[in-house]
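# Commentary on secondary and tertiary structure
So the chains spell out like this:
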Amino acid sequence: MSPKMTVRRVSSRTLGAGTGAPWLTGVVAYAAAVAMALVVLVTPTPAAAAPPYTLDERALAIASPSLAYVEVVYTGYLRDKQSGAPLRASPITFTRRCSGFVVGTGGEVITNGLCVRPAKDTAAQNALYSLGRILIAENSLEADALDRYVADNLRQSIFTGLEAADEPDHQVYGQLGVAPTGGLTESPAIPGEVTEVLDADAGNIALVKLEQQNLPTVELASSGTLDPGASLVVVGYATDEVDPRTATYSLRSKPVKVIGTGTRGSASLYRVNKDVGIHSLGGMAIDTNGHVVGVLDNDLELPDRANRALVPMQTITALLAEAGVDNALGETDQLFRSGLDAYFAGDYETAISQLGTVVENSPVNSVAQTYRQNATELQKIEDSFSSGAGWLIWASGAAGGALVIGLIMLVVLLLQRRARRQLTSAEPVPPAAPYPFSPASGYPGQPTPGYPSAPAYPAQQPAQEYPPAPIYQPPAPAYQAPPAPRQGAAPDDQTWPDDEALPDEVGPDPHGPNRHH
């Protein structure tokens, strides 16, 4: 009787286990890493549907085109108060500079009252400084004696028109956007006139009418109440140049908070914690919707009289009602806001079209031009992903990913073929002898968790039919104790440092006297 023969079966294993596992694991890991890298490198990041922006940016975009740089040029004669005799035969000229904002389609501008119509002693002081500079140029006065010259002559001087009883002449000019130079009386400066002025103790604001209609108009807030701590943005003109007569003036803004209330005469006001310079007088404070909530004025309780007081909405609306001015937006104003809405929503095609029309109808609106250009650039970025170049990038990414997946599949097929070869070429072996710890026939042994695997035992030769062979009893396997548990505790969790304490809020930087030139 022929001996019974069995074929050693190749056990199925998890991919990567057994012979050749380190090599296969390395290949698979490498292929996976390459696949991930290709996905990251070739997958384009689509352009955001809408650009990131802050509420302050949006509010400034809406309101800032309406900001106006206001200059008032005064011409008259300095006289002695007692005798009326002129201190100089020729007329004296000085200029006062401040900010304002357009509130009506007829060219109406709200600004500071004392800026466009100064008190008599202020007008005399300004004229004396102008005369003093003339004397310095003529070598009749030392430069360091200018302030003393003004102080010595202020009490007995008065500034008048051609006759002692006349008011001095004045011309008003307004500019929008960047004011390239002070003292400009030709285009782009727009002539105008002062139509209404509230006294300093009754609100200290004025209404100026420029000789150009359909200028960018700002909206006034419907509510006239500001809560303590309310967040606003103050907007006005400023310059970093030394000589205000030839300086370039541009828009400045700063986020502020309402810190209190007060009064100036019979008029109420709000106070904020920051300002943007002396020439912001008459500028605007806006909320996050781009609506005006107050007019910037001097805070007389501060040592430097900084422009941190806000004339409230009630005073503004009362003056406009008295002058018969309606704070209504024109068609171009409405189209401008619609274009901005499209831009901030990521609809660049609509923004480009609408803001382009605004630029054509209102060339002074430089903000519309800026955001139209921004929309054009962002539209180009979006188009690059929807054009052939974008599809080429996607196709390249897909091809790269398919290549890596094919590589992995090829490795798996090769391993399966190798396993089949081992199966067909396996030598026949007799069945293993019974063993107390052996697994079921044909399946690999699985050691008991926590204990070492049973030692390998050599294959037993088949028993002879005659004479019978004695049954071989294998020695009992040497027992090995399970490995002792690892000693020592896990490392401590990483300890993060305490948050740094926030610095105290820094107070406003002091600046020089708020002197009008």
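Our subject in this report is the structure included herewith.

## Examining the sheet that holds strand β13 (residues 292-297)
Spatially, six strands are ordered β9-β10-β11-β14-β13-β12 in a closed barrel, and the strand pairing comes out antiparallel. For this sheet, the mean angle separating the axes of adjacent strands, direction not counted, is 45°. Note: strand β10 (residues 250-264) against strand β11 (residues 267-272), six bridges, orientation antiparallel. Of the residues in β11, the one forming a bridge with G260 is R271. On top of the sheet, helix α2 (residues 55-63) reaches β9 (231-238), β10 and β12 (284-286); it is set at about 135° to β12, its chief contact. In the packing of helix α6 (residues 313-323) onto the sheet, contacts are made with β13 and β14 (309-311), and the angle to β13 comes to roughly 95°.

## Regarding the pairing of strand β6 (residues 169-176)
Sheet topology places strand β2 (residues 67-80) next to β6; eight bridges connect them, and they run antiparallel. Pairing of Y69 across the sheet is with Q175, part of β6. Across three bridges, β6 lies against strand β7 (residues 190-197) in antiparallel orientation. Within β7, the residue paired with Y173 across the bridge is P191.

## What to know about the pattern of salt bridges
Summed over all chains, the structure comprises 13 salt bridges. Note that E167 is salt-bridged to K120, the shortest N-O span being 3.3 Å. Taken together, the residues E167 in the loop between β5 (157-160) and β6 and K120 in helix α4 (residues 120-137) connect sequence positions 47 residues apart. Judged by relative accessible area, E167 falls into the exposed class, the value being 55%. Note on K120: relative accessible area 56%, which makes it exposed. Note that R337 and E219 form a salt bridge whose closest N and O atoms lie 3.4 Å from each other. With R337 in helix α7 (residues 331-344) and E219 in the loop between β8 (205-210) and β9, this pair connects stretches of sequence that are 118 residues apart.

## Points about the packing of α2 against α7
α7 packs onto α2 with a crossing angle of 155° between their chain directions and a minimal axis gap of 10 Å. It follows from the interaxial angle that α2 and α7 lie roughly antiparallel. Along this stretch, α2 crosses α7, giving a crossing that reads as right-handed. Residues E57, R58, A61 and I62 of α2 form the contact with α7, whose participating residues are F336, R337, L340, D341 and F344. A per-class count over the contact of α2 with α7 returns five nonpolar, no polar and four charged.

## Considerations on the environment of E360
For E360, the location among the structural elements is in helix α8 (residues 348-361). With relative accessibility at 64%, the residue E360 sits in the exposed group. E360 sits 28 residues away from T332 along the chain, and the two C-alpha atoms are 9.8 Å apart.

## Details of α4
For α4, with 18 residues, the first-to-last C-alpha span of 26 Å sits near the 26 Å given by 1.5 Å per residue. Buried within α4 are the following residues: A123, A124, N126, A127, L128, Y129, S130, L131, G132 and L135. Buried residues belonging to α4 abut β2, β3 (92-102), α5 (146-154) and β5. Among the residues trailing α4, N139 stands out with phi positive, at a value near 60°.

## Side note on the nonpolar core
One finds L78, V116, Y149, F159 and V208 to be the most contacted residues of the largest nonpolar core, which totals 32 residues. Taken together, the elements giving at least two residues each to this core come down to β2, β3, α3 (113-116), α4, α5, β6, β7 and β8. No other element matches the six residues that α4 contributes to this core. Not counting the four nearest positions on each side in its chain, Y149 is found in contact with L128, L131, G132, L135 and L141.

Rules of the game
Position labels on residues start from 1 in each chain and follow its written sequence. Only residues with pLDDT of at least 70 are given local features in this predicted model, and only at 80 or more are side-chain atom pairs given and counted; all residues enter the totals for whole chains, interfaces and linings. The basis for the side-chain values is all heavy atoms of the structure; hydrogens and waters are excluded. Two strands make a pair as long as DSSP finds a minimum of two bridges between them. To qualify as a helix, a DSSP run of H or I must reach at least 4 residues; to qualify as a strand, a run of E must reach at least 2; elements of each kind are numbered from the N terminus. Where helices are involved, their axes are fitted lines through C-alpha atoms of the stretch in contact, as for all axes, and angles between N-to-C directions lie from 0 to 180°. In what follows, residue pairs with any heavy atoms lying within 4.5 Å of each other are defined as contacts. Salt bridges are defined as contacts in which a side-chain nitrogen from Lys or Arg sits within 4 Å of a carboxyl oxygen from Asp or Glu. Whether a residue is buried, partly exposed or exposed follows from its accessible area with a 1.4 Å probe, protein chains only, as a fraction of its type maximum: under 20%, in between, or over 50%, in that order. By the definition adopted for this analysis, an angle is roughly parallel if under 35 degrees, roughly antiparallel if over 145, roughly perpendicular if from 65 to 115, and oblique otherwise. Each crossing gets its handedness from the near helix: less than a right angle anticlockwise from the far helix is left-handed, clockwise is right-handed. Gly counts as polar in this scheme, as do all residues outside two lists: the nonpolar Ala, Val, Leu, Ile, Met, Phe, Trp, Tyr, Cys and Pro, and the charged Asp, Glu, Lys and Arg. The span one expects for a helix is its residue count, reduced by one, times 1.5 Å. Nonpolar core, defined: a set of buried Ala, Val, Leu, Ile, Met, Phe, Trp, Tyr and Cys residues in which side-chain atoms within 4.5 Å join the residues together.

Everything listed here is a matter of geometry and, on its own, says nothing about what the molecule does.
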